[in-house]
Amino acid sequence: MIVNFRLEDVSEEEYRNQCEAIAPAFAGLPGLVSKTWLADAETNTYGGVYAWRDRQAMEDYRETDIYKGMLANPHFGDLTVRDFAVLEGPTRVTRGLSGTPTPAVGRA
């Protein structure tokens, strides 16, 4: 899942402080493997890249107050949420899921 938005009527500093405050709530979400917080002040683009254990965990997240609050946040303009499937083979090679590369064929 990739989320993007523009900040409206809130400073980047205020936004970053809010991110620090709510990060523990995200850390406790069932099925969340990781969330990478994104910021590009030059283009006023912010958001996150979420990796979920499975599609059901992502769907369950959509029912949480955290998700619903994000959708209703008046400071997030042009909010987009896009879901993607993961190409597991090459992702494992590049340590995207487990953090450990899968050994190449022929390696000892």
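In this text the structure is predicted, and so the values were computed from the model without any measurement.

Caption draft 1: Region of interest: the confidence of the model for the protein chain. Residues with a pLDDT of 70 or more make up 89% of the protein chain, whose mean pLDDT is 89. Within the model, pLDDT remains below 50 along residues 99–108, and this stretch shows 7 contacts once partners closer than five positions in the same chain are excluded.

Caption draft 2: Summary view of the packing of aromatic side chains. Evaluation of the coordinates by the stated rule reveals 11 aromatic pairs. Measuring from ring centre to ring centre gives 6.1 Å for tyrosine 15 and phenylalanine 76, while their planes differ by 80°; the resulting arrangement is edge-to-face. Here tyrosine 15 is found in helix H1 (residues 12–27), whereas its partner phenylalanine 76 is found in strand S4 (residues 76–82), with 61 residues between them in sequence. Summarising the aromatic geometry, the rings of tyrosine 50 and tryptophan 52 are spaced 6.0 Å apart at their centres and angled 5° between planes, so their arrangement reads as stacked. Residue class for tryptophan 52 comes out buried when judged on its relative accessible area of 12%. Each residue in the set Phe26, Trp37, Tyr50, Trp52, Tyr61 and Tyr67 is aromatic and connected to the rest through ring pairs, giving one cluster. A cation over a ring is seen here: lysine 35 above phenylalanine 26, with NZ or CZ 3.9 Å from the ring centre. The positively charged end of lysine 35 is found above the aromatic ring belonging to tryptophan 37, 3.4 Å away from the centroid.

About the cut-offs
All residue numbers refer to positions counted from 1 along the written sequence of the respective chain. For this predicted model, a pLDDT threshold of at least 70 governs which residues receive local features, and a threshold of 80 or more governs which side-chain atom pairs are given and counted, while totals over whole chains, interfaces and linings are taken from all residues. Side-chain metrics in this entry use all non-hydrogen atoms of the structure; hydrogen atoms and water are not considered. You can read pLDDT as the predictor saying how much it trusts each residue, on a scale of 0 to 100. It only takes one pair of heavy atoms within 4.5 Å for two residues to be counted as in contact. In this analysis, rings of Phe, Tyr and Trp, with Trp reduced to its six-membered ring, are considered paired at centre separations within 6.5 Å, and the interplanar angle assigns stacked below 30 degrees, edge-to-face beyond 60, and tilted for intermediate values. Put simply, DSSP H or I for four residues or longer makes a helix, DSSP E for two residues or longer makes a strand, and each gets a number counted from the N terminus. When accessible area is computed with a 1.4 Å probe and restricted to protein chains, residues below 20% of their type maximum are described as buried, those above 50% as exposed, and intermediate ones as partly exposed. Here, over-ring charges are defined by two tests on the NZ atom of lysine or the CZ atom of arginine: distance to the ring centre within 6 Å, and angle to the ring normal within 35 degrees.

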